[in-house]
Amino acid sequence: MPDGAVAPAETGTRQNFLDLLHTRRVWDIDLPAFDPATAPDAPLPLFHAWFAEAVAAGQTEPHTMSLATVDADGRPDVRTVMLHDADTRGWHFATHRTSAKGCQLAAHPHAALGFYWPAQGRQVRMRGPVLVCSAAESRADLHARSTGALASALVGRQSEVLDSYEELGRASETAWERARAEPQADVPSWTRYVVEPREVEFFQGDAGRRHVRLRYTGRAGSWGRELLWP
């Protein structure tokens, strides 16, 4: 077979993928209207309102979000994490400070967040510096969560190379036993972070592709607003 040629089986597999990909449709539903002229002066109240509306619309896991950081070489890295709070300080999440994202944030304390709520054709994007919460707040964050979350935190070693799945099974079983016996067990590496927004964008999809994009820029107490072309 000539160099660079694609085997017939691979061609068929790729075509099957493209057929699936190109026949997917988005927003074959009634989407809510969004008049940016009625938006509040700050992004937080609008986020709270949109979050509540996503929950009411039956959006699966509306509290999950993409978290983007950069590594030591400036290359972007992204993963899905859970939102723990959204208040006047910013948007909160938590992880081990020894994890890949924890190490990246220690070196480059800036991040971007992205929420996607397809049930209403909405996105919320933001970016800004990342603040590290106190040890007391991080402990409170950990112990406010479920037994399973504590067990997962006790396992630790996030992003390290795993030699075998059996090793994880043993560590997890031990962690679950301790989490049940010691619900206040401490995990020193567990850290709560806050993304302090400098830009927050609200995107409302439109079936006619006349999407509404409203961007807030500034910081708490002094926000500017502007519309963006879709």
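Since the model is a prediction, treat every value here as computed from it, not as a measurement.

Caption draft 1: Quick peek at the nonpolar core. One finds Leu46, Phe47, Trp91, Phe93, Phe115, Val124 and Phe202 to be the most contacted residues of the largest nonpolar core, which totals 28 residues. Among the elements of the structure, α2 (43-56), β1 (64-70), β4 (91-96), β5 (110-117), β6 (122-132), β7 (190-195), β8 (199-204) and β9 (212-219) are those that each provide at least two residues to this core. With five residues, α2 is the single largest residue contributor to this core. Not counting the four nearest positions on each side in its chain, Phe115 is found in contact with Phe47, Pro62, Thr64, Met65, Leu83, Trp91, Arg122, Gln123, Val124 and Met126. Leu142, Ala151, Leu154 and Ala175 belong to the second-largest nonpolar core, a separate cluster that totals eleven residues.

Caption draft 2: Quick peek at the packing of helix α5 (residues 147-155) against helix α6 (residues 165-181). Packing of α5 against α6 leaves a shortest axis separation of 8 Å and a crossing angle of 125°. Judged on the interaxial angle alone, α6 and α5 are oblique. In the packing of α5 onto α6, the handedness of the crossing is right-handed. Touching Thr147, Gly148, Leu150, Ala151, Leu154 and Val155 of α5 are Leu168, Ala171, Ser172, Ala175, Trp176, Arg178, Ala179 and Arg180, all from α6. Broken down by class, the residue content of the contact of α5 with α6 amounts to nine nonpolar, three polar and two charged.

Caption draft 3: Spatial organisation of unusual backbone geometry. Despite not being glycine, Trp27 has its phi angle at roughly 60°, a positive value. Structurally, the position occupied by Trp27 is in the loop between α1 (8-22) and α2. For Trp27, a relative accessible area of 15% translates into the label buried. With a phi close to 80°, Ser159 is a non-glycine residue in the positive phi region. Looking at the element boundaries, Ser159 is found in the loop between α5 and α6. Residue Ser159 is classed as exposed on the basis of its relative accessible area of 55%.

Caption draft 4: Representation of helix α4 (residues 135-143) in the model. Taken together, the buried positions of α4 are Ser138, Asp141 and Leu142. Taken down its axis, α4 places every buried residue within 95° of arc, on the same side. In this structure, the buried side of α4 is in contact with β4, α5 and β7.

So, how was this worked out
- Residue positions within a chain follow its written sequence, with the count starting from 1.
- Under the rules for a predicted model, residues below a pLDDT of 70 receive no local features and side-chain atom pairs below 80 are neither given nor counted, while totals for whole chains, interfaces and linings still include all residues.
- Working from all heavy atoms in the structure, the side-chain values ignore hydrogens and water.
- For the purposes of this section, nonpolar cores are sets of buried Ala, Val, Leu, Ile, Met, Phe, Trp, Tyr and Cys residues that join through side-chain atoms within 4.5 Å.
- Burial status follows relative accessibility: with a 1.4 Å probe on protein chains alone, a residue under 20% of its type maximum counts as buried, one over 50% as exposed, and anything between as partly exposed.
- Each helix corresponds to a stretch of at least 4 residues labelled H or I by DSSP, and each strand to a stretch of at least 2 residues labelled E; elements are numbered beginning at the N terminus.
- Whether two residues touch is decided by their heavy atoms; if any such pair falls within 4.5 Å, the residues are in contact.
- Between N-to-C directions, angles span 0 to 180 degrees; the directions come from axes that are lines fitted to C-alpha atoms, helices contributing only their stretch in contact.
- Under this scheme an angle from 65 to 115 degrees is roughly perpendicular, one under 35 degrees roughly parallel, and one over 145 degrees roughly antiparallel; angles in between are oblique.
- Whether a crossing is left-handed or right-handed is set by the direction in which the near helix is turned from the far one by less than a right angle, anticlockwise for left-handed and clockwise for right-handed.
- Residue polarity is assigned by list, with Asp, Glu, Lys and Arg as charged and Ala, Val, Leu, Ile, Met, Phe, Trp, Tyr, Cys and Pro as nonpolar; anything else, Gly included, falls into the polar class.
- Throughout, the arc means that of the directions going from the helix axis to the C-beta atoms.

Remember, this is a structural readout, not a statement about activity or role.
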